[in-house]
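Overview (structure and organization)
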Amino acid sequence: MKKTITYILMIIALFILIYFSINMGNYNVPANKIIRILYSFVTGSETPSDITNYEKIIVLDLRMPRIIMVLLVGAGLAVCGAASQGIFRNPLVSPFILGVSSGASLGAAIAIVYFAQKHPHSVDICAGIGGAIAVTLAFLTARKPDGSVPRLSLVLAGTIISSLFGSLTGIMKYVADTETQLPAITFWMMGSFGNVGWKTLDVFTWIIPINIILMIIFAWQLNVLSLGDKEASLLGMDIKKWKLIYIYFIVSTVGICVARTGVIGWVGLVIPHIGRAIVGPNHRSLLPMSALIGATFMLISDNISRVATTGEIPVGIITAIIGTPFFIYYLRKKETSVWN
C-alpha cells in the first residue's frame, strides 16, 4: 500500500511538473490558453480564436516535443542504469559502461566533420552505428574461447573500448574546423534537447518506451540475474540468453538516447540509487520507480538549462552538477559495501 501511494504521488508530481514546464521559458503563455491549446490538439478541434498562432507554435511545436523527448530519455537512461547495475552486480555501473557513449561520440564527430553539411540526419545515423560498433567490439574483446562472456571481462572490455574511441574522437576534434565543426562536436558531447522537434520523435525514438515496458515486464528475470551466475544457474535460468536480452534492451535504448540528444551522464548512475532507497532492490518495483524519478529529474534539469541564462546551458552540465555531490555522499555512506 505504501509503495502504491508513493507511485501515485510521483505520477501526480510529474504531471504537475510537465504542466509548469510547458509554460516555462522566455515567452509566457497563460495557463488557460495552454489547457485549451492542448485540448484542441488532443481532440482535433479548431483552436480558439483568442489564441495566437505564435502561442500555438510555442506550445505544440517547440515545447511539447521537447518535453516528450526529455521524459523518454530521462526514463530510459534511469531504467537502463538500474538494469545495468543489476546485471553486473555493481552499484557503480552506468548504462554507458559498454562503450555506447564513446562509440556514439566518435560516430557523431565523424558525421559533423565529413557528412553533416550535406546530410542533416547523418549525425543521428553515425552516432547509432558508432555505439553499436563499440558494444560489439567490447563483446568480442571479452568473449572467452568457450563462448562465455564473464561480467568482469565485459566491464573491463567496455572501459578499454571507451578509452580507444575517446582517443579517436580526440583526433576528430583535432582535424575539425575550429570555427564551426569543433564547437558543434563539443556542444553535442555535452548533451542537449535544443534541436528536438516532432521530426526527432520518429519510429526509432519510440523503441525507448517499448524497451522500458519490456524490461519492467521481465524484471523478475533481472532479480535472478542479480543474484550471481552460480545462483541463477542453480535456479534453472538460461544466463547467457537473458544477459543478451537485457543488454540488447540497454544498448538499443541508450544508443537511441545518445544519438538523439548527445551524451547526458549521471542519470543512469544516480537515479537507480534514489529509487532503491525508496522502494528497495526488487527490480519489479525499482525499474518503474527509476523511470518516474529519471523522467522527473531530467525535466527539472532541462528546465534549469532553459531558464538559468538568456541562452541555453547544455543539460549534461546540469545533470553532472546535480549528480556529482549526490554520488560523493553515496560513496562516503556506502564505502564499505559492494552491492546492496
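As shown above, the structure is provided for reference.
So, here is what we can say about the structure in this document. None of these values were measured; they are calculated from a predicted model.

With respect to the overall build of the protein chain
Scanning the protein chain from N- to C-terminus turns up 14 helices and zero strands. Over its C-alpha trace the protein chain gives a radius of gyration of 21 Å, about what one expects of a compact globule, namely 20 Å for 340 residues. Projected onto its principal axes, the C-alpha positions of the protein chain cover 70 × 60 × 40 Å. Across the 340 residues that make up the protein chain, the buried fraction comes to 51%. Long-range contacts, defined here as pairs at least 24 residues apart, represent 75% of the contacts in the protein chain between residues at least 6 apart. Of the roughly 16,600 Å² of accessible surface on the protein chain, a fraction of 68% belongs to carbon and sulfur atoms. Across the protein chain, the centroid of the 25 positively charged side chains sits 10 Å from that of the 15 negatively charged ones.

A closer look at the environment of Val258
Tracing the sequence through the fold places Val258 in helix 11 (residues 239-261). Taking the C-alpha atoms as reference, Val258 lies 29 Å from Lys56; in sequence the two are 202 residues apart. With near-sequence residues (within four places) excluded, Val258 lies in contact with Phe96, Ala104, Trp188 and Val263.

A look at the nonpolar core
Within the largest apolar cluster, 98 residues are counted, with the highest numbers of intra-cluster contacts made by Leu77, Leu98, Phe193 and Met298. The leading source of residues in this core is helix 3 (residues 53-87), at 18 residues. What Phe193 contacts, discounting residues up to four positions off in sequence, is Arg66, Met69, Val70, Val73, Thr261, Ile264, Met298, Asp302, Glu312 and Val315.

Describing the side chain of Ser21
Note on placement: Ser21 falls in helix 1 (residues 2-22). Apart from the residues lying within four places of it in its own chain, the contact partners of Ser21 are Arg63, Ile67, Leu299, Asn303 and Arg306.

A look at the packing of helix 1 against helix 3
The relative placement of two packed helices comes down to the angle between their axes together with the axis-to-axis distance. Their axes nearest at 10 Å, the elements helix 1 and helix 3 cross at an angle of 145°. Crossing angle aside, the handedness with which helix 1 passes helix 3 is right-handed. Listed contacts from helix 3 to Leu14, Ile18, Ser21 and Ile22 of helix 1 are Val59, Arg63, Met64, Ile67 and Leu71. Classifying every residue of the contact of helix 1 with helix 3 by side-chain character gives seven nonpolar, one polar and one charged.

Overview of unusual backbone geometry
Where the residue is not glycine, phi is negative for most of them; where a peptide bond is considered, it is trans in most cases. One non-glycine residue with positive phi stands out, namely Arg89, at about 50°. The backbone of Trp266 shows a phi angle near 80°, a positive value even though the residue is not glycine. Mapping Trp266 onto the fold places it in the loop between helix 11 and helix 12 (267-279).

Here we look at helix 13 (residues 283-307)
Between its terminal C-alpha atoms helix 13 stretches 35 Å, which fits the 36 Å expected from 25 residues at 1.5 Å a residue. Buried residues dominate helix 13, accounting for 21 of its 25 residues. Where helix 13 starts, the residue carrying a side-chain oxygen 3.0 Å from the main-chain nitrogen of Arg284 turns out to be Asn282.

Re the packing of aromatic side chains
Evaluated as defined, the whole model comprises six aromatic pairs. Taking the centre distance of 6.4 Å and the plane angle of 55° together, the rings of Tyr114 and Phe115 count as tilted. Taken together, Tyr246, Tyr248 and Phe249 form an aromatic cluster joined through their ring pairs.

Let's talk about the environment of Pro48
One can find Pro48 in the loop between helix 2 (31-43) and helix 3. C-alpha of Pro48 to C-alpha of Lys33: the two residues are 15 residues apart in sequence and 8.9 Å apart in space.

Examining the pattern of salt bridges
For the coordinates displayed, the defined rule picks out seven salt bridges. Note that Arg66 and Asp302 form a salt bridge whose closest N and O atoms lie 2.8 Å from each other. Within this pair, whereas Arg66 is found in helix 3, its partner Asp302 is found in helix 13, the two being separated by 236 residues in sequence. Close ionic contact of Asp124 with Arg260 constitutes a salt bridge, the shortest N to O distance being 3.6 Å. Highlighted residues: Asp124 in helix 5 (residues 122-142) and Arg260 in helix 11, separated in sequence by 136 residues. For Asp124, a relative accessible area of 22% corresponds to the partly exposed category. Beyond isolated ion pairs, a larger network of salt bridges with shared partners links Arg66, Asp302, Arg306 and Glu312.

What counts, and where the lines are drawn
- Residues numbered from 1 in each chain as written.
- Predicted model: local features only at pLDDT ≥ 70, side-chain atom pairs only at ≥ 80, totals over all residues.
- Heavy atoms only, no water.
- Helix = DSSP H or I, 4+ residues; strand = E, 2+ residues; numbered from the N terminus.
- Rg over C-alpha atoms; globule rule 2.2 N^0.38 Å.
- Buried < 20%, exposed > 50% of the residue type's maximum accessible area, 1.4 Å probe, protein only.
- Contact = heavy atoms within 4.5 Å.
- Areas by Shrake-Rupley, 256 points an atom, 1.4 Å probe, with all protein chains shown as cover.
- Lys, Arg positive; Asp, Glu negative; His and termini not counted.
- Charge placed at Lys NZ, Arg CZ, Asp CG, Glu CD.
- Core = buried A, V, L, I, M, F, W, Y, C linked by side-chain atoms within 4.5 Å.
- Axes fitted to C-alpha atoms, helices over the stretch in contact; angles between N-to-C directions.
- Left-handed = near helix turned anticlockwise from the far one by under 90°.
- Nonpolar A, V, L, I, M, F, W, Y, C, P; charged D, E, K, R; others polar.
- Expected span 1.5 Å × (residues − 1).
- Polar contact = N/O pair within 3.5 Å; in protein donor to acceptor, adjacent residues only side chain to side chain.
- Phe/Tyr/Trp six-rings, centres within 6.5 Å; stacked < 30°, edge-to-face > 60°.
- Salt bridge = Lys/Arg side-chain N within 4 Å of Asp/Glu carboxyl O.

Honestly, that's just the spatial picture; any functional story needs more than this.
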